Amino acid sequence: MTDAVQIDTPAVPRVAGRPNLLLSILLRPLGLFSVLWLSIVVIVAVFAHQIAPYDPMQQNLLAIKQYPSAAHLLGTDAFGRDILSRLIVGSSGTILGVLQALSVAALLGISLGVVAGYFGRWVDRAIGVYVEIIMALPNIIILLVILTIFQRNMSIAMIAVGIIGSANTARIIRSATLGVRNELYIEAARITGLSDLAIIRRHIIPRILGPITVQLSIFAAISILIQTGISFLGLGVQPPFPSWGGMILEASVAINDFPWLLVPSGLTVAITILAFGLLGDSVRDSLAARWTHTSTPQKQRAGFRAGTTSQQAFDDSAALSVRGLTIVTRKDGVEKALVEDLNFDLAAGEILGIAGESGSGKTLSSLAVLGLLPAGVEVVSGQMRFSSKTYDLSNTRALRPLRGQQIAMIFQEPMAALDPCFTIGHHLVEVIRRHTPMSRAEARAKAIEALAEVQIADVETVMKKYPHQISGGMAQRVGIARALIPAPQVLLADEPTTALDVTVQAEILDLLRESQKKRKMSVVFVTHDWGVVADICDRAMVMYHGKALETASVEDIFARPSHAYTRALLAADPHAAPIGERLPTIQDMLKEGSR
Amino acid sequence: MIRLILKRIALSVPLVIVVTMLTFVLNNMAPGDMAATLLQGEGSNAQYEELRVKLGLDRPVLEQYGDWLGSAAQGDLGKSFFTGESVVSLLNQRFWVSFSLVIGALILCVSVGISLGLVSALRGGFIARAVDVVSVAALIFPSFWVAIVLMSVFSVWLRWLPAVGYTPLTENPRLWFLGLILPVISVALHSITTIAKQTRDSMGDTMNRDFIRSLRACGIPERAIIFKHALRNASLPVVTVIGLVTVSAISGTVFVERVFVLPGLGSLAVEAALNSDIALLQGVTVYFTLLIIAVNLIVDLSYGWLNPKARVE
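- By the naming in an unreviewed UniProt entry, chain B goes by ABC transporter permease subunit and is assigned to Pseudooceanicola pacificus.
- Here chain B is described in UniProt, under the heading Sequence similarities (unreviewed entry), as follows: "Belongs to the binding-protein-dependent transport system permease family."
- Its UniProt record gives chain B the following Subcellular location (unreviewed entry) comment, quoted word for word: "Cell membrane".

- As recorded in an unreviewed UniProt entry, chain A goes by ABC transporter permease subunit and comes from Pseudooceanicola pacificus.

Shown next, in the form of structure tokens:
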């Protein structure tokens with residue numbers, strides 16, 4: 001047993017103790033506010049009768065409907081009763097109710113949620129049925145029924161609120177438990193023979209403390225709403241005894257001549273609910289801050305924008321020519337260059353391969369040509385010459401007219417590139433009609449032609465299918481058909497065969513080569529596969545860490561690689577590795593090269 | 001499609017049985033029965049026994065329940081303990097008020113909520129922050145308190161709108177509409193921000209998906225990408241939220257109808273509770289349960305319509 005503990009303890013992520021958590025909540029202004037307010041409310045609720053300046057039920061018909069004064073800090077109501085005293089005494093019922101509901105929801109919800117998440121199978125399904133039944137009930141009506149049957153017994157009603165709330169709590173705790181349960185250290189603890197109960201108590205519960213507190217504070221806020229609501233309906237605390245909800249009801253009677261009554265009761269309820277909400281947020285943020293370290297974001301963009309632009313002239317004979325392309329990403333205020341001062345030319349009618357490891361910037365460079373970089377990544381400088389016009393690559397809007405019409409693109413994940421909500425036919429018709437206005441029927445006929453051109457059999461059926469109903473190879477054919485519809489001069493192919501089976505890869509490569517020949521297109525072919533480069537490309541550019549290392553004809557690259565990295569990358573090609581030996585890595589090669 | 005509906009209905013039958021049985025069993029467990037509650041401590045023992053027999057309380061609880069279920073299946077939910085009227089006809093009288101209220105609230109919160117969500121997803125900035133602030137406000141103030149404040153501002157102070165009461169549509173459409181404005185806003189307020197936030201989040205996620213990029217690469221205009229493709233894909237979680245919001249709007253009628261003195265199902269439920277009219281409450285429970293089941297069914301069906309993958313083949 002002790003062994004088991006020693007084995008699995010180091011793997012458990014450190015969860016600091018409670019005092020630490022409390023401290024970090026108190027250090028947040030909103031956390032401090034919520035803890036302070038809730039403590040005050042609870043203390044006031046416990047010592048209500050001692051604290052209240054007046055008897056909350058003492059009427060004074062000589063001092064009715066008074067605005068705040070020194071004698072009555074919050075004024076008096078329609079019977080001349082002191083509002084502050086009524087709020088103070090009324091808090092006892094609300095706090096008691098919240099505690100009753102909260103403890104039932106916590107006890108039931110956490111145990112059911114953890115058990116369902118941890119044990120899974122039929123236990124999970126049984127608890128799932130419980131959760132579903134409760135969530136499908138008209139909760140308020142059930143409460144009315146319970147209040148009627150139990151003769152307006154508020155405690156029983158709030159316990160029922162707890163049972164109803166346990167369903168949602170269990171649902172959330174279950175998914176939190178599922179997230180933790182499959183982690184390796186839990187498995188390790190189980191293998192070393194720790195009992196399920198001990199694993200749950202020592203390893204699961206501490207890890208899901210965050211979701212538990214957040215959920216329970218939200219539920220506490222909801223129970224206040226319900227408790228006040230019941231009293232407001234006149235089914236809870238009975239007048240003249242004060243309650244927060246009852247005071248809102250009394251205020252509603254007096255709105256014609258004394259609307260002030262709405263303010264103290266409404267604000268007290270709202271602030272208390274807000275405090276519970278903020279408490280949950282602070283706990284979540286404090287726990288999150290412990291798992292991930294966040295730094296304050298600050299702008300540091302000056303670095304790459306000026307100075308680094310290349311002065312090299314465009315190659316006017318090229319179909320497409322890019323100069324000084326620099327792409328950066330900004331994370332936590334720190335700017336990092338992903339592509340730096342990249343130049344390349346795409347000759348008319350050629351297939352240019354861009355080869356490199358993942359993260360070398362090859363895909364980003366091709367996306368930048370059409371202004372399609374993902375959020376958080378942007379071009380800070382770079383110019384493009386295309387069909388005798390110069391484009392600023394950092395101006396995405398100016399690149400829009402080129403998209404599809406003149407420069408088209410196909411992608412690595414052919415399935416994800418299609419909108420799951422629309423049929424294949426719809427995808428094609430949409431693009432056709434976008435570029436040449438025509439009727440739907442005409443566009444459909446063109447779409448069928450386009451699909452036939454990419455060698456899809458049984459076109460009529462495929463047109464009616466949704467993306468999830470076709471294969472990856474088929475999806476890529478659709479992607480190619482869609483890209484080629486407006487007859488673009490340049491096609492950007494971003495690893496179009498990487499996600500496909502080897503045989504399908506070869507077919508797609510053949511298709512691309514044929515289309516390129518027939519249409520005399522220029523193609524940029526991004527890949528990490530040397531076999532593909534050798535197979536389809538005329539020239540290749542090798543990229544490493546956002547820079548172009550060398551650009552040469554495919555024959556030269558393979559026969560006489562001029563850069564050490566290119567040699568290393570070529571040697572790391574798994575196709576060339578001797579069978580039975582460890583596959584070579586770039587690191588091996590670079591080490592060898594430097595020797 | 002038909003199978004989905006049938007399956008849902010089949011699943012809802014046990015639910016209705018569980019719910020209604022619960023009220024019977026609880027009723028039997030409670031201290032002092034309905035006859036005693038109705039007599040309110042007055043009346044002789046003989047009167048009490050007579051009332052018990054009249055209400056059928058002298059028989060075993062399962063037998064009582066069986067009887068009730070038998071007639072419920074034929075559309076008879078018994079008679080109100082309090083007024084002696086037929087429960088079904090009481091419910092039917094009150095149905096359309098709540099229906100207008102809930103539908104009005106839905107139209108308001110779906111249209112405003114989705115627009116706000118879209119704008120804050122695509123533009124961010126001021127509207128996104130405003131949505132956050134308003135959603136906190138909507139969350140912390142009880143709906144009935146907001147309703148009273150709205151009433152005191154727009155009806156009592158500005159005198160723009162009628163304060164309380166309900167005018168049937170057939171009697172005076174203008175007054176019907178004016179009278180529903182504040183109740184609808186009170187029910188919808190919280191839901192508007194819930195829908196706005198969900199729309200913002202799921203639009204944010206969807207706009208980062210691959211197919212958006214490839215649509216852009218094909219030259220599809222941004223407007224079509226947002227309103228046709230992204231919105232359709234982002235709508236699935238939003239539909240779920242709309243379902244939840246509808247259920248909470250149905251519950252919200254209990255409070256809001258009370259504030260504005262609307263003769264709907266919600267205020268009927270409160271009246272039944274105040275009068276300890278269990279027979280009527282049981283009827284209300286059945287009605288509300290069926291309404292929630294119907295909402296969930298509609299959500300399921302729209303899922304199938306919106307998402308080809310979810311279609312039953």
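### With respect to the sheet that holds strand E7 (residues 490–494) of chain A
Residue and element names in this part refer to chain A.
And then number 1: Strand order in the open sheet formed by six strands is E6-E7-E8-E3-E9-E10, with mixed pairing between adjacent strands. The sheet is open, and its two edges are formed by strand E6 (407–410) and strand E10 (547–553), each paired on a single side. The sheet shows a mean angle of 15° between the axes of neighbouring strands, taken without regard to direction.
And then number 2: Relative to E7, E6 runs parallel, the two being bridged by four bridges. Across the sheet, Ala408 pairs through a bridge with Leu491, a residue of E7.

### A look at the packing of helix H11 (residues 209–232) of chain A against helix H12 (residues 244–253) of chain A
Residue and element names in this part refer to chain A.
And then number 1: In contact at an axis separation of 6 Å, H11 and H12 are set at 50° when each is read in the N-to-C sense. Classified by the angle between their axes, H11 and H12 sit oblique to one another. Where H11 crosses over H12, the handedness of that crossing is right-handed. Contacts from Thr228, Ser231 and Phe232 of H11 reach H12 at Trp244, Gly245, Gly246, Ile248 and Leu249.
And then number 2: The residue makeup of the contact of H11 with H12, split by class, is four nonpolar, four polar and no charged.

### A few points about the UniProt feature "transmembrane region" (unreviewed entry) in chain A
Residues and elements named next belong to chain A.
And then number 1: With numbering matched to this structure, UniProt assigns "transmembrane region" (unreviewed entry) to residues 30–52, 95–120, 127–150, 156–173, 216–238 and 258–280.
And then number 2: Taken as a whole, residues 95–120 contains 96% helix and 0% strand, while its terminal C-alpha atoms sit 36 Å from one another.
And then number 3: Counting secondary structure, residues 156–173 comes out at 100% helix and 0% strand; the distance between its end C-alpha atoms is 25 Å.

### With respect to the interface of chain A and chain B
And then number 1: Contacts between the two partners involve 60 residues from chain A, matched on the other side by 63 residues from chain B.
And then number 2: Summing both partners gives a buried area of about 5,600 Å² for chain A against chain B, and 74% of it is carried by carbon and sulfur.
And then number 3: The interface formed by chain A and chain B holds one salt bridge in total.
And then number 4: When the shortest N-O distance is used, the salt bridge between Glu430 of chain A and Lys228 of chain B registers 3.2 Å.

### Quick notes on helix H7 (residues 143–157) of chain B
Residues and elements named next belong to chain B.
And then number 1: Taking 1.5 Å of rise per residue, the 15 residues of H7 would be expected to cover 21 Å, and the 20 Å separating its terminal C-alpha atoms lies within 8% of that figure.
And then number 2: At Met151, H7 shows its largest bend, some 25°.
And then number 3: Positive phi shows up at Arg159, right after H7, with a value of about 55°.

### Section: the pairing of strand E4 (residues 377–386) of chain A
Residue and element names in this part refer to chain A.
And then number 1: When you tally the buried positions in E4, you get seven out of 10 residues, the bulk of the element.
And then number 2: The pairing of E4 with strand E5 (residues 389–392) spans four bridges and is classified as antiparallel. Looking at the pairing, Met384 lines up with Tyr391 of E5.

### Considerations on the UniProt feature "transmembrane region" (unreviewed entry) in chain B
Residue and element names in this part refer to chain B.
And then number 1: As annotated in UniProt, the feature "transmembrane region" (unreviewed entry) corresponds to residues 9–30, 95–119, 131–155, 175–196, 236–256 and 284–306 in the numbering used here.
And then number 2: The span residues 175–196 is 100% helical and 0% strand by assignment, and the distance between its end C-alpha atoms comes to 30 Å.
And then number 3: With 100% helix and 0% strand, residues 236–256 has end C-alpha atoms that lie 29 Å from one another.

### Topic: the side chain of His427 of chain A
Residues and elements named next belong to chain A.
And then number 1: Locating His427 in the fold gives a position in helix H17 (residues 424–435).
And then number 2: A distance of 2.9 Å separates the side chain of His427 from the backbone oxygen of Thr423, its partner in a polar contact.
And then number 3: Apart from the residues lying within four places of it in its own chain, the contact partners of His427 are Leu418, Asp419, Phe422, Pro467 and Arg482.

### Examining the state of the cysteines
And then number 1: With the rule as written, the count across this model stands at zero disulfides over all chains.
And then number 2: Residue Cys218 of chain B stays outside any disulfide, its sulfur separated by 17 Å from that of Cys421 of chain A, the closest cysteine.

### Side note on the environment of Ile255 of chain A
And then number 1: Tracing the backbone shows Ile255 of chain A in the loop between H12 and helix H13 (262–291).
And then number 2: Assessed through its relative accessible area of 5%, Ile255 of chain A is described here as buried.
And then number 3: Put simply, Ile255 of chain A and Glu555 of chain A are 300 residues apart on the chain and 89 Å apart in space, counted from C-alpha to C-alpha.
And then number 4: Sequence-distant contacts of Ile255 of chain A, defined by excluding residues within four places in its chain, comprise Leu262 of chain A together with Ile148, Met151, Ser152 and Val156 of chain B.

### Details of the packing of helix H5 (residues 83–119) of chain A against H12 of chain A
Residue and element names in this part refer to chain A.
And then number 1: Where H5 meets H12, the closest approach of the two axes is 8 Å, and the angle between their N-to-C directions is 135°. What the angle tells us is that H5 and H12 run oblique. Along the contact surface, H5 presents Ile83, Arg86, Leu87, Gly90, Ser91 and Thr94, while H12 presents Trp244, Met247 and Glu250.
And then number 2: Among the residues forming the contact of H5 with H12, the class breakdown is four nonpolar, three polar and two charged.

### Focus: the pattern of salt bridges
Residue and element names in this part refer to chain A.
And then number 1: By the definition in use, this model includes 21 salt bridges over all chains.
And then number 2: The closest approach of N and O atoms between Glu183 and Arg207, which form a salt bridge, is 3.3 Å. Remark: Arg207 occurs in helix H10 (residues 196–207) and Glu183 occurs in the loop between helix H8 (154–181) and helix H9 (184–191); sequence separation between them is 24 residues.
And then number 3: In this structure Glu183 comes out as partly exposed when scored by relative accessible area, which is 29%.

### Some details on the domain arrangement of chain B
All names here are of chain B.
And then number 1: Domain annotation of chain B identifies domain 1 (2–73) and domain 2 (89–312).
And then number 2: The C-alpha-based centres of domain 1 and domain 2 are spaced at 33 Å.
And then number 3: Across the domain 1/domain 2 interface, buried area totals approximately 1,300 Å², and carbon plus sulfur atoms make up 77% of it.
And then number 4: At the junction of domain 1 and domain 2, the tally comes to zero salt bridges.
And then number 5: Here domain 1 and domain 2 share zero residue pairs in polar contact (both at pLDDT 80 or more) between them.
And then number 6: At the level of secondary structure, the elements contributing two or more residues to the side of domain 1 that touches domain 2 comprise helix H1 (2–29) and helix H2 (34–39).
And then number 7: Of all the elements, H1 adds the most residues to the side of domain 1 that touches domain 2, at 11 residues.
And then number 8: Of the residues contributing to the side of domain 1 that touches domain 2, the split by class is nine nonpolar, five polar and one charged.

### Things to note about the sheet that holds strand E2 (residues 334–346) of chain A
Residue and element names in this part refer to chain A.
And then number 1: Across the sheet, four strands lie side by side as E2-E1-E4-E5; this open sheet has antiparallel pairing. Each of the sheet's edge strands pairs with one partner strand only, and the pair in question is E2 and E5. Here the average twist between neighbouring strands, direction ignored, is 5°.
And then number 2: Examined bridge by bridge, strand E1 (residues 320–331) and E4 share eight bridges and lie antiparallel to one another. Looking across to E4, one finds that Val322 is bridged to Met384.
And then number 3: Helix-sheet contacts for helix H15 (residues 362–369) involve E1, E2 and E4, and the interaxial angle to E1 is about 115°.

### Points about the domain arrangement of chain A
And then number 1: Along its sequence, chain A is carved into domain 1 (26–292) and domain 2 (563–595).
And then number 2: One C-alpha centre belongs to domain 1 of chain A, the other to domain 2 of chain A; they are set 64 Å apart.

### Digging into H9 of chain A
Residue and element names in this part refer to chain A.
And then number 1: Every buried residue belonging to H9 is among Tyr185, Ile186 and Ala189, and all of these are buried. Buried residues of H9 fall within an arc of 105° about the axis and therefore sit on the same side. Of the exposed residues in H9, the ones pointing more than 90 degrees away from its buried face are Leu184 and Ile191.
And then number 2: Looking at the residues trailing H9, positive phi occurs at Gly193, about 90°.

### Thoughts on unusual backbone geometry
Residue and element names in this part refer to chain A.
And then number 1: For the peptide bond that leads from Pro239 to Pro240, omega is 10°, which places it in the cis range.
And then number 2: Structurally, the position occupied by Pro240 is in the loop between H11 and H12.
And then number 3: A positive phi angle, near 50°, is found at Ser388, a position not held by glycine.
And then number 4: Among the residues examined, Ser388 registers a relative accessible area of 63% and is labelled exposed.

About the cut-offs
Residues numbered from 1 in each chain as written. Chains lettered and ligands numbered in written order. Predicted model: local features only at pLDDT ≥ 70, side-chain atom pairs only at ≥ 80, totals over all residues. Heavy atoms only, no water. UniProt positions renumbered as here; feature names shortened; annotations may be inferred. Pairing = 2+ DSSP bridges. Helix = DSSP H or I, 4+ residues; strand = E, 2+ residues; numbered from the N terminus. Axes fitted to C-alpha atoms, helices over the stretch in contact; angles between N-to-C directions. Parallel < 35°, antiparallel > 145°, perpendicular 65-115°, else oblique. Left-handed = near helix turned anticlockwise from the far one by under 90°. Contact = heavy atoms within 4.5 Å. Nonpolar A, V, L, I, M, F, W, Y, C, P; charged D, E, K, R; others polar. Buried area = accessible area lost by both parts, 1.4 Å probe. Salt bridge = Lys/Arg side-chain N within 4 Å of Asp/Glu carboxyl O. Expected span 1.5 Å × (residues − 1). Bend = angle between axes of the 7 residues up to and from the residue. Buried < 20%, exposed > 50% of the residue type's maximum accessible area, 1.4 Å probe, protein only. Polar contact = N/O pair within 3.5 Å; in protein donor to acceptor, adjacent residues only side chain to side chain. Disulfide = S-S within 2.5 Å. Domains from an automatic or database assignment. Arc of directions from axis to C-beta.

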